[in-house]
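A look at the structure
Spelled out, the chains give:
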Amino acid sequence: MNGLWDTIAYFFNSNALNPHGICLMWRPELIWTHAVSDILIGIAYFSIPLALGVFLWHRRDVKFSWAIWMFVGFIMLCGVTHFMMVWTLWNPDYGIEAVIKATTAAVSVVTAFALWPLLPRVIALPSPTELERRIAERDAALAELRAAMDTMVEMREHEARQKLLLDELNYRVKNTLASVQSIAIQTLSREAEPEAARATFVERLMALSSTHNLLVKRSWEAASFRELVHASLGHYGQPFSLEGPDLTMAPNAAVSLGMALHELATNALKYGAWSQAGRVEITTVTDEATGQATIQWRERGGPAVSPPAGRGFGSRLLEQGVAGELGGEVRLHFDAEGLVCLIRTPIGPALHPSDWIFPTAALA
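Residues numbered from 1 in each chain as written. Predicted model: local features only at pLDDT ≥ 70, side-chain atom pairs only at ≥ 80, totals over all residues. Heavy atoms only, no water.

Check the secondary structure of the chain and you find 9 helices and 8 strands. With an accessible surface of roughly 22500 Å², the chain has 63% of that area assigned to carbon and sulfur atoms. (Helix = DSSP H or I, 4+ residues; strand = E, 2+ residues; numbered from the N terminus. Areas by Shrake-Rupley, 256 points an atom, 1.4 Å probe, with all protein chains shown as cover.)

What follows is the structure, given as C-alpha coordinates:
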(Lines give C-alpha, C1' and ligand atoms only; values in the text may rest on other atoms or scores of the structure.)
Protein backbone atom coordinates (compact mmCIF):
# COMPACT_ATOMS: atom_id res chain seq x y z
CA MET A 1 0.00 0.00 0.00
CA ASN A 2 2.86 2.33 0.84
CA GLY A 3 4.42 1.49 -2.49
CA LEU A 4 1.25 2.64 -4.33
CA TRP A 5 1.17 5.91 -2.45
CA ASP A 6 4.89 6.40 -3.02
CA THR A 7 4.35 5.86 -6.76
CA ILE A 8 1.46 8.36 -6.86
CA ALA A 9 3.47 10.90 -4.83
CA TYR A 10 6.44 10.44 -7.14
CA PHE A 11 4.17 10.94 -10.19
CA PHE A 12 2.90 14.30 -8.89
CA ASN A 13 6.24 15.44 -7.37
CA SER A 14 7.48 18.55 -9.18
CA ASN A 15 10.32 19.64 -6.88
CA ALA A 16 12.96 18.50 -9.33
CA LEU A 17 11.22 20.02 -12.37
CA ASN A 18 11.30 23.46 -13.91
CA PRO A 19 8.26 25.22 -15.39
CA HIS A 20 7.93 25.46 -19.18
CA GLY A 21 8.32 29.18 -19.06
CA ILE A 22 11.88 29.03 -17.76
CA CYS A 23 13.05 28.10 -21.26
CA LEU A 24 11.48 31.30 -22.57
CA MET A 25 12.63 33.70 -19.89
CA TRP A 26 14.90 35.38 -22.37
CA ARG A 27 11.90 35.96 -24.71
CA PRO A 28 9.05 37.33 -22.54
CA GLU A 29 6.87 38.04 -25.59
CA LEU A 30 6.79 34.31 -26.32
CA ILE A 31 5.68 33.51 -22.79
CA TRP A 32 2.84 36.01 -22.91
CA THR A 33 1.85 34.95 -26.41
CA HIS A 34 1.47 31.36 -25.18
CA ALA A 35 -0.32 32.46 -22.01
CA VAL A 36 -2.82 34.82 -23.67
CA SER A 37 -3.51 32.39 -26.52
CA ASP A 38 -4.16 29.45 -24.18
CA ILE A 39 -6.38 31.62 -21.94
CA LEU A 40 -8.49 32.76 -24.92
CA ILE A 41 -8.72 29.20 -26.26
CA GLY A 42 -9.76 27.94 -22.81
CA ILE A 43 -12.42 30.62 -22.48
CA ALA A 44 -13.76 29.73 -25.94
CA TYR A 45 -13.75 26.04 -25.05
CA PHE A 46 -15.85 26.81 -21.97
CA SER A 47 -18.20 29.20 -23.85
CA ILE A 48 -19.05 26.72 -26.63
CA PRO A 49 -20.24 23.89 -24.35
CA LEU A 50 -22.11 26.40 -22.20
CA ALA A 51 -24.07 27.52 -25.29
CA LEU A 52 -24.67 23.87 -26.27
CA GLY A 53 -25.86 23.08 -22.75
CA VAL A 54 -28.34 25.99 -22.74
CA PHE A 55 -29.63 24.85 -26.14
CA LEU A 56 -30.11 21.26 -24.97
CA TRP A 57 -31.79 22.42 -21.76
CA HIS A 58 -34.42 24.32 -23.71
CA ARG A 59 -34.70 21.81 -26.56
CA ARG A 60 -35.05 18.50 -24.77
CA ASP A 61 -36.72 17.01 -27.84
CA VAL A 62 -33.44 16.98 -29.79
CA LYS A 63 -32.47 13.52 -30.96
CA PHE A 64 -29.09 12.06 -29.91
CA SER A 65 -28.69 14.67 -27.15
CA TRP A 66 -26.49 12.24 -25.22
CA ALA A 67 -23.85 12.50 -27.96
CA ILE A 68 -23.91 16.27 -27.73
CA TRP A 69 -23.48 16.05 -23.95
CA MET A 70 -20.40 13.85 -24.51
CA PHE A 71 -19.10 16.47 -26.93
CA VAL A 72 -19.75 19.15 -24.30
CA GLY A 73 -17.66 17.21 -21.75
CA PHE A 74 -14.85 16.72 -24.26
CA ILE A 75 -14.69 20.44 -25.14
CA MET A 76 -14.68 21.48 -21.47
CA LEU A 77 -11.76 19.15 -20.75
CA CYS A 78 -9.91 20.67 -23.71
CA GLY A 79 -10.49 24.09 -22.15
CA VAL A 80 -9.14 22.84 -18.81
CA THR A 81 -6.08 21.47 -20.64
CA HIS A 82 -5.32 24.90 -22.09
CA PHE A 83 -5.75 26.60 -18.74
CA MET A 84 -3.35 24.02 -17.29
CA MET A 85 -0.83 24.85 -20.01
CA VAL A 86 -0.87 28.46 -18.84
CA TRP A 87 -0.38 27.28 -15.27
CA THR A 88 2.63 25.15 -16.12
CA LEU A 89 4.38 28.12 -17.71
CA TRP A 90 5.16 29.19 -14.17
CA ASN A 91 4.36 26.10 -12.08
CA PRO A 92 5.84 22.67 -12.97
CA ASP A 93 2.70 20.63 -11.99
CA TYR A 94 3.14 18.26 -14.88
CA GLY A 95 1.58 15.31 -13.05
CA ILE A 96 -1.76 17.11 -12.75
CA GLU A 97 -1.45 18.24 -16.33
CA ALA A 98 -0.79 14.66 -17.41
CA VAL A 99 -3.88 13.39 -15.57
CA ILE A 100 -6.03 16.11 -17.18
CA LYS A 101 -4.64 15.29 -20.62
CA ALA A 102 -5.18 11.57 -20.06
CA THR A 103 -8.78 12.20 -19.00
CA THR A 104 -9.26 14.42 -22.04
CA ALA A 105 -7.80 11.74 -24.25
CA ALA A 106 -10.08 9.07 -22.80
CA VAL A 107 -13.18 11.21 -23.19
CA SER A 108 -12.19 12.21 -26.73
CA VAL A 109 -11.64 8.58 -27.76
CA VAL A 110 -14.99 7.51 -26.29
CA THR A 111 -16.73 10.46 -27.99
CA ALA A 112 -15.09 9.65 -31.32
CA PHE A 113 -16.07 5.97 -31.13
CA ALA A 114 -19.63 7.02 -30.20
CA LEU A 115 -19.94 9.59 -32.99
CA TRP A 116 -18.83 7.47 -35.95
CA PRO A 117 -21.54 4.81 -35.59
CA LEU A 118 -24.01 7.61 -35.00
CA LEU A 119 -22.98 9.46 -38.15
CA PRO A 120 -25.18 7.49 -40.64
CA ARG A 121 -28.25 8.04 -38.47
CA VAL A 122 -27.51 11.76 -38.23
CA ILE A 123 -26.97 11.99 -41.98
CA ALA A 124 -30.31 10.23 -42.50
CA LEU A 125 -32.12 13.00 -40.63
CA PRO A 126 -34.02 15.25 -43.07
CA SER A 127 -32.43 18.58 -43.88
CA PRO A 128 -34.26 21.88 -43.25
CA THR A 129 -35.02 22.08 -46.97
CA GLU A 130 -36.45 18.57 -46.94
CA LEU A 131 -38.49 19.39 -43.84
CA GLU A 132 -39.85 22.52 -45.50
CA ARG A 133 -40.77 20.48 -48.58
CA ARG A 134 -42.54 17.86 -46.48
CA ILE A 135 -44.37 20.53 -44.49
CA ALA A 136 -45.43 22.21 -47.74
CA GLU A 137 -46.70 18.85 -49.06
CA ARG A 138 -48.56 18.22 -45.83
CA ASP A 139 -50.12 21.70 -45.90
CA ALA A 140 -51.15 21.16 -49.52
CA ALA A 141 -52.67 17.79 -48.63
CA LEU A 142 -54.53 19.35 -45.70
CA ALA A 143 -55.80 22.14 -47.96
CA GLU A 144 -57.04 19.55 -50.47
CA LEU A 145 -58.67 17.59 -47.65
CA ARG A 146 -60.41 20.71 -46.34
CA ALA A 147 -61.58 21.55 -49.86
CA ALA A 148 -62.87 18.00 -50.30
CA MET A 149 -64.66 18.15 -46.95
CA ASP A 150 -66.19 21.54 -47.85
CA THR A 151 -67.32 20.05 -51.16
CA MET A 152 -68.84 17.07 -49.37
CA VAL A 153 -70.65 19.38 -46.94
CA GLU A 154 -71.94 21.46 -49.86
CA MET A 155 -73.06 18.29 -51.66
CA ARG A 156 -74.89 17.08 -48.56
CA GLU A 157 -76.53 20.46 -48.10
CA HIS A 158 -77.45 20.45 -51.79
CA GLU A 159 -78.90 16.95 -51.47
CA ALA A 160 -80.84 18.02 -48.38
CA ARG A 161 -82.20 21.05 -50.26
CA GLN A 162 -83.09 18.86 -53.22
CA LYS A 163 -84.89 16.41 -50.99
CA LEU A 164 -86.75 19.25 -49.30
CA LEU A 165 -87.72 20.69 -52.67
CA LEU A 166 -88.80 17.29 -53.97
CA ASP A 167 -90.86 16.67 -50.83
CA GLU A 168 -92.42 20.11 -51.17
CA LEU A 169 -93.08 19.55 -54.87
CA ASN A 170 -94.60 16.16 -54.14
CA TYR A 171 -96.81 17.70 -51.47
CA ARG A 172 -97.96 20.50 -53.79
CA VAL A 173 -98.56 18.15 -56.70
CA LYS A 174 -100.68 15.91 -54.49
CA ASN A 175 -102.67 18.91 -53.25
CA THR A 176 -103.11 20.17 -56.79
CA LEU A 177 -104.24 16.78 -58.03
CA ALA A 178 -106.64 16.51 -55.12
CA SER A 179 -108.05 19.94 -56.02
CA VAL A 180 -108.38 18.96 -59.68
CA GLN A 181 -110.03 15.69 -58.70
CA SER A 182 -112.50 17.51 -56.45
CA ILE A 183 -113.27 20.06 -59.17
CA ALA A 184 -113.79 17.28 -61.72
CA ILE A 185 -116.08 15.26 -59.47
CA GLN A 186 -118.18 18.25 -58.42
CA THR A 187 -118.41 19.64 -61.95
CA LEU A 188 -119.26 16.39 -63.70
CA SER A 189 -121.78 15.35 -61.07
CA ARG A 190 -123.64 18.67 -61.22
CA GLU A 191 -123.61 19.49 -64.92
CA ALA A 192 -125.94 17.38 -67.05
CA GLU A 193 -124.70 18.59 -70.43
CA PRO A 194 -121.17 17.43 -71.42
CA GLU A 195 -120.33 20.70 -73.15
CA ALA A 196 -121.43 22.77 -70.16
CA ALA A 197 -119.50 20.46 -67.83
CA ARG A 198 -116.38 20.78 -69.97
CA ALA A 199 -116.62 24.58 -70.06
CA THR A 200 -117.17 24.83 -66.32
CA PHE A 201 -114.33 22.40 -65.60
CA VAL A 202 -111.92 24.36 -67.84
CA GLU A 203 -112.92 27.63 -66.20
CA ARG A 204 -112.27 26.24 -62.75
CA LEU A 205 -108.92 24.80 -63.84
CA MET A 206 -107.96 28.20 -65.25
CA ALA A 207 -108.87 29.81 -61.93
CA LEU A 208 -106.69 27.27 -60.13
CA SER A 209 -103.87 27.91 -62.62
CA SER A 210 -104.15 31.67 -62.11
CA THR A 211 -103.67 31.23 -58.37
CA HIS A 212 -100.74 28.90 -58.94
CA ASN A 213 -99.07 31.44 -61.22
CA LEU A 214 -99.39 34.05 -58.50
CA LEU A 215 -97.83 31.69 -55.95
CA VAL A 216 -94.98 30.81 -58.32
CA LYS A 217 -94.04 34.50 -58.48
CA ARG A 218 -93.78 34.46 -54.69
CA SER A 219 -91.80 31.15 -54.67
CA TRP A 220 -94.81 29.46 -53.04
CA GLU A 221 -94.06 31.21 -49.75
CA ALA A 222 -97.10 33.48 -49.49
CA ALA A 223 -99.46 35.53 -51.62
CA SER A 224 -101.09 38.94 -51.43
CA PHE A 225 -104.88 39.03 -51.25
CA ARG A 226 -104.92 42.25 -53.28
CA GLU A 227 -102.91 40.61 -56.07
CA LEU A 228 -105.13 37.52 -55.88
CA VAL A 229 -108.31 39.61 -56.29
CA HIS A 230 -106.95 41.42 -59.36
CA ALA A 231 -105.63 38.17 -60.88
CA SER A 232 -108.97 36.39 -60.29
CA LEU A 233 -111.39 39.16 -61.30
CA GLY A 234 -109.47 41.44 -63.64
CA HIS A 235 -109.98 39.38 -66.78
CA TYR A 236 -113.79 39.49 -66.45
CA GLY A 237 -113.84 43.17 -67.43
CA GLN A 238 -116.54 43.89 -64.87
CA PRO A 239 -116.56 46.69 -62.26
CA PHE A 240 -115.31 45.88 -58.80
CA SER A 241 -113.61 47.68 -55.95
CA LEU A 242 -111.26 46.57 -53.19
CA GLU A 243 -110.86 48.47 -49.94
CA GLY A 244 -109.12 47.79 -46.67
CA PRO A 245 -105.67 46.59 -45.64
CA ASP A 246 -103.90 44.02 -47.75
CA LEU A 247 -103.72 40.48 -46.39
CA THR A 248 -100.96 37.89 -46.69
CA MET A 249 -102.07 34.29 -47.26
CA ALA A 250 -100.34 30.95 -46.94
CA PRO A 251 -100.23 28.91 -50.22
CA ASN A 252 -103.12 26.58 -49.35
CA ALA A 253 -105.26 29.48 -48.15
CA ALA A 254 -104.50 31.36 -51.39
CA VAL A 255 -105.63 28.35 -53.47
CA SER A 256 -108.90 28.07 -51.52
CA LEU A 257 -109.63 31.81 -51.69
CA GLY A 258 -108.70 31.91 -55.37
CA MET A 259 -111.24 29.17 -56.14
CA ALA A 260 -113.79 30.93 -53.93
CA LEU A 261 -113.33 34.22 -55.81
CA HIS A 262 -113.78 32.38 -59.10
CA GLU A 263 -117.04 30.77 -57.93
CA LEU A 264 -118.37 34.10 -56.62
CA ALA A 265 -117.38 35.86 -59.85
CA THR A 266 -119.00 33.17 -62.01
CA ASN A 267 -122.19 33.37 -59.95
CA ALA A 268 -122.19 37.19 -60.21
CA LEU A 269 -121.72 36.97 -63.96
CA LYS A 270 -124.58 34.47 -64.45
CA TYR A 271 -127.09 35.43 -61.78
CA GLY A 272 -125.82 38.36 -59.79
CA ALA A 273 -124.64 41.96 -60.12
CA TRP A 274 -122.52 41.44 -63.22
CA SER A 275 -125.46 39.95 -65.12
CA GLN A 276 -126.75 43.54 -65.21
CA ALA A 277 -125.05 46.89 -64.73
CA GLY A 278 -124.05 46.14 -61.16
CA ARG A 279 -120.75 46.04 -59.36
CA VAL A 280 -118.90 44.01 -56.72
CA GLU A 281 -117.42 45.58 -53.57
CA ILE A 282 -114.74 43.66 -51.69
CA THR A 283 -113.71 44.90 -48.26
CA THR A 284 -111.08 43.66 -45.82
CA VAL A 285 -111.16 44.52 -42.12
CA THR A 286 -108.70 43.50 -39.40
CA ASP A 287 -109.29 43.80 -35.67
CA GLU A 288 -106.05 43.51 -33.75
CA ALA A 289 -107.86 43.62 -30.43
CA THR A 290 -109.79 40.42 -31.13
CA GLY A 291 -107.25 38.96 -33.56
CA GLN A 292 -109.89 38.57 -36.29
CA ALA A 293 -109.80 39.29 -40.00
CA THR A 294 -112.92 39.75 -42.15
CA ILE A 295 -113.31 39.57 -45.93
CA GLN A 296 -116.64 40.77 -47.35
CA TRP A 297 -117.93 40.24 -50.90
CA ARG A 298 -120.98 42.45 -51.59
CA GLU A 299 -122.87 42.73 -54.86
CA ARG A 300 -124.81 45.89 -55.70
CA GLY A 301 -127.00 46.98 -58.62
CA GLY A 302 -127.95 43.52 -59.78
CA PRO A 303 -131.21 41.61 -59.81
CA ALA A 304 -132.93 40.58 -56.61
CA VAL A 305 -131.57 37.30 -55.30
CA SER A 306 -133.01 34.57 -53.16
CA PRO A 307 -131.51 31.53 -51.43
CA PRO A 308 -131.06 28.60 -53.82
CA ALA A 309 -132.99 25.40 -53.37
CA GLY A 310 -129.77 23.36 -52.90
CA ARG A 311 -126.10 23.80 -52.26
CA GLY A 312 -123.82 23.72 -55.31
CA PHE A 313 -120.05 23.35 -55.64
CA GLY A 314 -119.46 27.07 -54.96
CA SER A 315 -121.50 27.11 -51.77
CA ARG A 316 -119.84 23.98 -50.41
CA LEU A 317 -116.40 25.32 -51.37
CA LEU A 318 -117.05 28.53 -49.43
CA GLU A 319 -118.85 27.12 -46.40
CA GLN A 320 -116.65 24.02 -46.00
CA GLY A 321 -113.39 24.31 -47.94
CA VAL A 322 -112.49 27.95 -47.25
CA ALA A 323 -113.77 27.86 -43.68
CA GLY A 324 -111.86 24.68 -42.94
CA GLU A 325 -108.63 25.94 -44.54
CA LEU A 326 -108.69 29.26 -42.69
CA GLY A 327 -110.09 27.89 -39.45
CA GLY A 328 -112.93 30.40 -39.51
CA GLU A 329 -116.50 30.66 -40.76
CA VAL A 330 -118.16 31.65 -44.04
CA ARG A 331 -121.70 32.98 -44.28
CA LEU A 332 -123.77 33.67 -47.39
CA HIS A 333 -126.54 36.29 -47.20
CA PHE A 334 -128.97 36.57 -50.09
CA ASP A 335 -130.05 40.17 -49.61
CA ALA A 336 -132.44 41.98 -51.89
CA GLU A 337 -129.61 44.20 -53.18
CA GLY A 338 -127.37 41.26 -53.97
CA LEU A 339 -125.34 38.42 -52.58
CA VAL A 340 -123.13 39.07 -49.53
CA CYS A 341 -120.36 36.61 -48.62
CA LEU A 342 -118.76 37.18 -45.22
CA ILE A 343 -115.53 35.34 -44.34
CA ARG A 344 -114.34 35.65 -40.75
CA THR A 345 -111.09 34.00 -39.67
CA PRO A 346 -108.60 34.35 -36.81
CA ILE A 347 -105.39 36.12 -37.71
CA GLY A 348 -102.65 33.54 -37.94
CA PRO A 349 -100.13 31.87 -40.25
CA ALA A 350 -102.83 31.05 -42.84
CA LEU A 351 -104.03 34.66 -43.21
CA HIS A 352 -102.84 37.87 -41.58
CA PRO A 353 -102.24 41.55 -42.42
CA SER A 354 -99.15 42.20 -44.51
CA ASP A 355 -97.54 44.28 -41.76
CA TRP A 356 -98.71 42.04 -38.95
CA ILE A 357 -96.23 41.18 -36.15
CA PHE A 358 -97.20 37.96 -34.43
CA PRO A 359 -97.61 38.52 -30.68
CA THR A 360 -96.45 35.03 -29.72
CA ALA A 361 -93.92 32.52 -31.05
CA ALA A 362 -96.67 29.90 -31.29
CA LEU A 363 -98.57 31.97 -33.84
CA ALA A 364 -95.41 32.79 -35.76
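Turning to the side chain of R298, a few remarks are in order. Considering the arrangement of structural elements, one finds R298 in strand β5 (residues 292–300). Put simply, R298 is tucked away with no salt bridge, and the nearest opposite charge, on D335, sits 4.1 Å away. Excluding residues within four positions of it along the chain, R298 makes contact with R279, V280, E281, D335, L339 and V340. (Buried < 20%, exposed > 50% of the residue type's maximum accessible area, 1.4 Å probe, protein only. Lys, Arg positive; Asp, Glu negative; His and termini not counted. Salt bridge = Lys/Arg side-chain N within 4 Å of Asp/Glu carboxyl O. Contact = heavy atoms within 4.5 Å.)

A few words on the pattern of salt bridges. This structure, assessed with the given rule, holds 8 salt bridges. One salt bridge in this structure joins R300 and E281, with 2.9 Å as the shortest N-O distance. Here E281 lies in strand β4 (residues 279–287) and R300 lies in strand β5, a separation of 19 residues in the sequence. Overlapping salt bridges, with partners in common, bring together E130, R133, R134 and E137 in one network.

Here we come to the pairing of β4. Pairing between strand β2 (residues 240–243) and β4: 4 bridges, direction parallel. Looking across to β4, one finds that E243 is bridged to T283. For β4 and β5, the ladder comprises 9 bridges, and the chain directions are antiparallel. Within β5, the residue paired with T284 across the bridge is I295. Counted between consecutive antiparallel strands, the loop separating β4 from β5 contains 4 residues, among which G291 sits at a positive phi close to 70°. (Pairing = 2+ DSSP bridges.)

There is a patch of nonpolar side chains on the surface, built from W32, V36, I39, L40, I43, F83 and W90 and spanning about 690 Å² of accessible area. The element that contributes the greatest number of residues to the nonpolar patch is helix α2 (residues 28–58), accounting for 5 residues. Among the structural elements, W32 can be located in helix α2. (Patch = residues over 30% accessible without salt bridge, like charges linked within 9 Å, V, L, I, M, F, W, Y side chains within 5 Å.)

What follows covers the packing of helix α7 (residues 225–233) against helix α8 (residues 251–270). Relative placement of two packed helices is described by the angle separating their axes and the distance separating the axes. For the pair α7 and α8, the least separation of the axes is 10 Å and the interaxial angle reads 40°. With respect to α8, the element α7 is oriented oblique. In the packing of α7 onto α8, the handedness of the crossing is right-handed. Contacts from F225, L228, V229, S232 and L233 of α7 reach α8 at A254, L257, G258, L261 and A265. When grouped by side-chain class, the residues that make up the contact of α7 with α8 number 8 nonpolar, 2 polar and no charged. (Axes fitted to C-alpha atoms, helices over the stretch in contact; angles between N-to-C directions. Parallel < 35°, antiparallel > 145°, perpendicular 65-115°, else oblique. Left-handed = near helix turned anticlockwise from the far one by under 90°. Nonpolar A, V, L, I, M, F, W, Y, C, P; charged D, E, K, R; others polar.)

This paragraph deals with the nonpolar core. In terms of nonpolar packing, the biggest core is built from 34 residues, with F225, M249, L257 and W297 touching the most fellow members. At the level of secondary structure, the elements contributing two or more residues to this core comprise α7, β3 (247–249), α8, β4, β5, α9 (313–326), β6 (329–334) and β7 (339–346). Per-element accounting of this core gives the leading share, 8 residues, to α8. If sequence neighbours within four positions are ignored, L257 has contacts with F225, L228, M249, I295, V322, L326, I343 and L351. (Core = buried A, V, L, I, M, F, W, Y, C linked by side-chain atoms within 4.5 Å.)

Attention shifts here to the sheet that holds β3. On the basis of which strands lie adjacent, the open sheet formed by 3 strands has the order β1-β3-β8 and antiparallel pairing. Either end of the sheet is taken by a strand with one partner, and the two such strands are β1 (223–224) and β8 (351–353). Sitting on the sheet, α8 touches β1, β3 and β8, and the angle it makes with β3 is about 110°.

Here the focus is the side chain of T248. Relative to the assigned elements, T248 resides in strand β3. Here S354 takes part through its side chain, which lies 3.3 Å from a polar atom of the side chain of T248. Contacts of T248, omitting those with residues within four sequence positions, involve A222, A223, A350, L351, H352, P353 and S354. (Polar contact = N/O pair within 3.5 Å; in protein donor to acceptor, adjacent residues only side chain to side chain.)

Interpretation in functional terms is not warranted from these geometric data alone.
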